[in-house]
2 protein chains.
Amino acid sequence: MKSFKPRFAQQLNSNQPLRIIPLGGVGDVTKNMYIYEYGEDIIIVDCGVGFPDDAMPGVDLVIPDINYLRDKINKIRGIIITHGHEDHIGSLPYLWPQIQAPIYTQRLTAGFIKAKFTEHNLAKDKIIEVKIDQTINLGNFQVSFYQVSHSVPDSMGIVIRTPQGLIIHQADFKIDWTPVSGQVTDVGRVAQLGNEKVLLLLIDCLRVEKPGFNKSEKSIESSFEQAAIETPGKLLITTTSSNVSRMQQAINVAHRLGRKVAVVGRSFENNFQVARDLGYLQVPPGIMIAPDTIQGFEPRKVLVLIAGAQGQSDSSLARAANDGHRQVKLKKGDSVVFSADPIPSTESAQNALVDSLSRLGLNVYYSAVNSELHVSGHAALEELRLMVNLIKPKFMFPIGGTFRHMKAFSKMAQELGYKDTQILDAEDGDVLEIMNENIKLAGKIDVQNIYVDGLGIGDIGHVVLRDRHKMSEEGVVVVVVSVDKHTSQIVSEVDIISRGFVFEEMAKDLLDEARDVVKEALQKHPQKISDWRFIRRIIEDALDKFLYKSTQRRPLILSVVVES
Amino acid sequence: MKSFKPRFAQQLNSNQPLRIIPLGGVGDVTKNMYIYEYGEDIIIVDCGVGFPDDAMPGVDLVIPDINYLRDKINKIRGIIITHGHEDHIGSLPYLWPQIQAPIYTQRLTAGFIKAKFTEHNLAKDKIIEVKIDQTINLGNFQVSFYQVSHSVPDSMGIVIRTPQGLIIHQADFKIDWTPVSGQVTDVGRVAQLGNEKVLLLLIDCLRVEKPGFNKSEKSIESSFEQAAIETPGKLLITTTSSNVSRMQQAINVAHRLGRKVAVVGRSFENNFQVARDLGYLQVPPGIMIAPDTIQGFEPRKVLVLIAGAQGQSDSSLARAANDGHRQVKLKKGDSVVFSADPIPSTESAQNALVDSLSRLGLNVYYSAVNSELHVSGHAALEELRLMVNLIKPKFMFPIGGTFRHMKAFSKMAQELGYKDTQILDAEDGDVLEIMNENIKLAGKIDVQNIYVDGLGIGDIGHVVLRDRHKMSEEGVVVVVVSVDKHTSQIVSEVDIISRGFVFEEMAKDLLDEARDVVKEALQKHPQKISDWRFIRRIIEDALDKFLYKSTQRRPLILSVVVES
């Protein structure tokens, strides 16, 4: 506190506004990243990835757009990470190289980030482990922390003291009095903060629709045990790859029932290793086996922790379900436990995977038939009400949910006596300005989705995705016209090939006619045959019209004019 | 019964097997179509469509594969339709022209089918309305019916007396003692049948995971009323387009509260019209308004029944949410009620639509925040148990669910005392043979998905879909090489264009390099330049390798060699 007070006092007089800009995490659950800016100081909270939806075919990951920060890099005092989930840390390998500011977070989260940085060949010396009772001064910001329960250990709430007032950034949390990790949400500390006049609370709203309190994480273990007892073959358990508590519970069950444990799936293995190395997992000696030795054990003696809880098509579990996994061969008698709820946009994928596994004759345990397999990591309605009543902020900003959740949160808050003007209703890119204990929307910066696809970061945009989408719906038709450069006459046959449009063997007539349509169109405009762009437009227009009339499909048409 | 008995007795001696072949509806919820074959007689139960999933981009509908029937058309004695839902009647316009057999069903269903046939310019004289207490002799089959409750009126169970025993085909149903339509499941008649020794029960298993009994359809109306009272603007209600009971309840509410009613969406309008014309809807005079007059009324005086309950992207509601609907303009103060659960594979689409509407500032009523907005049309666990206990069949075949539902049904049946061998576990195309009160799997016929895309039926197959999928993930790269037909030398620059691969402006270098890669590859094989296929393979292999190395993407590569 020593070094902080004077500066705080000094800046208060300057009376500049505090700006808060969500770059991601509002209205879309994932890709969390928030900027706090005061004068010459910026701090960032979280730096997560988003996951592609149906409108982003082929995209691997979505990362926040930090264009706003480009000319402000030297103002960035630090990046605070609330907890170790991908949607809060996943963009660091892509964005940290441009930011290079110190990263502050608790031990396990730091471990996860270090593992990522090692993989991406990045320096790890700016990843700084904080203790939960530590206070950090970052320019005009004073930052401290408190422990919360969530589905990964070392999750925390962030207390940000600014010249414009006290802000609490409460990302993902729940209130669980008996968490497996032992880390209970520190309601005493939260209540203390509540008595200090909190100006603004940013708060996880994802599960506001869920009435009541969540069950405790502890309740899961007996369901795992039941499944292990009922399963004559291998028991597969899938959960989020960072859910250390579930890993521990699976190990406990395996240990009691004499099963060996294999961990399958890259992110799962990495996280397991980090958690074990740092002492967050208690692993009895001799219980772990390598994935490629699974086949050597009696099925009833094996428990596999496997990645793929969301039904991702390239996950280990999905590959095993399609008999495409070298190490995990599924047989009748094996069971699969889904210990995760789908996140928005993955419901259908998870259902499809449950179904493929059922079709193989496996016994599948999933939430629709057993509500004791998973508890959410996010506060349900009564937990949110408790938190709001403890903190009693002047303003609230529901984050980490979709718009329907924000709306439902606002409704809940109004039932608690808040006015709707006290509940902020902003989007990614909105610039919130805080001054004299008031908050206003002061503008909007342009934030795009930045797509990671293979090795490319940001090299595909909405035009590329629009084309992909069109081709996925209707296919592509390529027309090649070869023109004599001296006479400007067509010198060979018009070539037409298609993919994803019609089955060509069945549509020879159609494609023959299409050739004639192109030739006719060109003959109508002989004078212009030297203007390639014009020719291409003529070809594409004529063909589009003809194909739509014949098939009611509109493939992407690509025309190539070759001069020879 | 008179004309039936002798023939039945006669055939019994011949002791031929009865074959049952599901062409669709097993393991995939929709696309219901079942064949019953005995000697020279075939009857068909249902003829529905399926809906495309993520693996079928651009496909409009999926219809059953009736290749097995091609050379047996003259054996088909009739098509029985259980009820008027798309997944039970939707394929008739596509398949009936090849079958031409009489269609037997109750009045409202017949009305829906007639409307479809009118639209497709098909003759309607073979659509035959049956009474619920009627018995029909169809060759060796004697068919009768009983009333069931479901989410559309005139749903029925089918009683099929065959030379090999009594079969009950119980497609979609529930047990609702106070249905809005007044049509209660006729448990008395069902119990009577149960006393006659039923050999096989085919039964709707979709909701077996749901414990307890469904609430009554009647319970919905007060939720609609509550929403109408709370809504200062237009009230939009979306439900399945054939849900006549919901339409009636919406009209009742509108009538009581002084709102006019508009019906928006083609299938919704068609079904509304049919139901009204046939007297299944009670519409107070003067309450209906045309969609293009909505804007002329005070919003609080309007209720809109609108299509799009599953979140379909081209539905009226989705278009309205994107400000793309000419007649329905959404404003703050309007509300939308989702009175339908998502069907498997549409969960994500429905959630996305709820979210878009919330983002517009509308009040959205959906099942996660209000469980009184929808009741399922499908029997929940206790209803299934009741039905099984009334019918007491020797064998059961769970239909109309995915594999996980079939599995859960089997588990439920075993709790009732059935052996697992009494619960059939078949797939579409499996040939079940019944003889001497036993059922065996006697083979498998090949059933493909037949895709309807625009005007084409069956002209796209898995190769086309695979290409579409590849292009949607990675785009397409087209290479054009022009070769002198006399010298076999490349006569102009190699052309490379791409779509959906990279943003070309940003990837000029990459595409330039790609050109060089193609040229080098060709120079390595000058002797073979007359063999086009070989050239194309060389080009495609070299380019694939280069592009994957540079980008870790594998676009579809199309090479064209032009001779000039």
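Conventions used here
- Residues numbered from 1 in each chain as written.
- Chains lettered and ligands numbered in written order.
- Predicted model: local features only at pLDDT ≥ 70, side-chain atom pairs only at ≥ 80, totals over all residues.
- Heavy atoms only, no water.
- Phe/Tyr/Trp six-rings, centres within 6.5 Å; stacked < 30°, edge-to-face > 60°.
- Helix = DSSP H or I, 4+ residues; strand = E, 2+ residues; numbered from the N terminus.
- Buried < 20%, exposed > 50% of the residue type's maximum accessible area, 1.4 Å probe, protein only.
- Lys NZ or Arg CZ within 6 Å of the ring centre and 35° of its normal.
- Domains from an automatic or database assignment.
- Pairing = 2+ DSSP bridges.
- Right-handed = clockwise from strand over helix to strand, strands pointing away.
- Salt bridge = Lys/Arg side-chain N within 4 Å of Asp/Glu carboxyl O.
- Least-squares fit on C-alpha atoms with pLDDT ≥ 70 in both.
- Contact = heavy atoms within 4.5 Å.
- Expected span 1.5 Å × (residues − 1).
- Buried area = accessible area lost by both parts, 1.4 Å probe.
- Polar contact = N/O pair within 3.5 Å; in protein donor to acceptor, adjacent residues only side chain to side chain.
- Nonpolar A, V, L, I, M, F, W, Y, C, P; charged D, E, K, R; others polar.

### Topic: the packing of aromatic side chains
- Under the counting rule described, the total for this entry stands at 2 aromatic pairs over all chains.
- Where W96 of chain A meets F117 of chain A, the ring centres are 5.4 Å apart and the plane angle is 50 degrees; that geometry is what we call tilted. Pair noted here: W96 of chain A is in helix α3 (residues 92–99) and F117 of chain A is in helix α4 (residues 107–119), with a separation of 21 residues, a long-range link. By the burial criterion, W96 of chain A is buried, and F117 of chain A matches it.
- Its end group placed over the ring of Y68 of chain A, K72 of chain A keeps NZ or CZ at 3.8 Å from the ring centre.
- Here the guanidinium or amino end of R554 of chain B rests over the ring plane of Y548 of chain B, the centre of that ring lying 4.1 Å away.

### Considerations on the domain arrangement of chain A
- For chain A, the assigned domains read domain 1 (17–212 + 376–451), domain 2 (217–373) and domain 3 (462–563).
- Computed from C-alpha coordinates alone, the two centres of domain 1 of chain A and domain 3 of chain A are separated by 51 Å.

### So, the pairing of strand β15 (residues 302–306) of chain B
Residues and elements named next belong to chain B.
- Most of β15 is tucked away, with 5 of its 5 residues classed as buried.
- With 5 bridges joining them, strand β14 (residues 260–264) and β15 adopt parallel strand pairing. Across the sheet, V261 pairs through a bridge with L303, a residue of β15.
- What joins β14 to β15 is helix α8 (residues 266–277), and the crossover it makes is left-handed.

### What about the pattern of salt bridges?
Residue and element names in this part refer to chain B.
- In this structure the tally under the stated criterion is 51 salt bridges over all chains.
- Residues E415 and R385 are paired through a salt bridge, measuring 3.4 Å at the closest nitrogen-oxygen approach. One end of the pair, E415, is in helix α12 (residues 403–415); the other, R385, is in helix α11 (residues 381–391), and 30 residues separate them in sequence.
- Taking relative accessible area as the criterion, E415 reaches 55% and is therefore assigned exposed.
- Take R385: its relative accessible area is 24%, and that puts it in the partly exposed class.

### Quick notes on the relation of the copies chain A and chain B
- After a rotation of 180 degrees and a shift along the axis of 0.1 Å, chain A superposes on chain B with an RMSD of 0.1 Å. Taken together, the turn and the small shift mark the pair as related by a two-fold rotation axis. Minimal C-alpha distance to the rotation axis in chain A is attained by S472 of chain A, lying at 2.4 Å.
- Taken as a fraction of all interface residues of chain A, those also at the interface in chain B reach 100%, which identifies the copy contact as same-surface.

### Examining helix α10 (residues 347–359) of chain B
- Spanning 13 residues, α10 of chain B covers 18 Å between terminal C-alpha atoms, matching the ideal 18 Å at 1.5 Å per step.
- Turning to α10 of chain B, its buried residues are E347, S348, Q350, L353, V354, D355, L357 and S358 of chain B.
- Lining the buried residues of α10 of chain B we find α10 (347–359) and α12 (403–415) of chain A together with α9 (316–321), β16 (335–338) and β17 (363–365) of chain B.
- Looking one or two places after α10 of chain B, you find G361 of chain B, whose phi comes out positive at around 90 degrees.

### Remarks on the interface of chain A and chain B
- In this complex, chain A contributes 67 residues to the contact, which on the side of chain B involves 67 residues.
- Across the chain A to chain B interface the summed buried area is about 5,600 Å²; carbon plus sulfur atoms make up 55%.
- Three residues stand out in chain A for area buried against chain B, namely R404, R499 and R553 of chain A, and they jointly supply 11% of the buried area on that side.
- Salt-bridge contacts for E427 of chain A lead to R359 of chain B; the nearest nitrogen and oxygen are separated by 2.5 Å.
- Scanning the region where chain A abuts chain B turns up 20 residue pairs in polar contact (both at pLDDT 80 or more).
- Those elements giving two or more residues to the side of chain A that touches chain B turn out to be α10, α12, α13 (462–474), β23 (476–483), β24 (495–499), α15 (532–551) and β25 (556–563) of chain A.
- Of the residues that constitute the side of chain A that touches chain B, the class distribution is 24 nonpolar, 23 polar and 20 charged.

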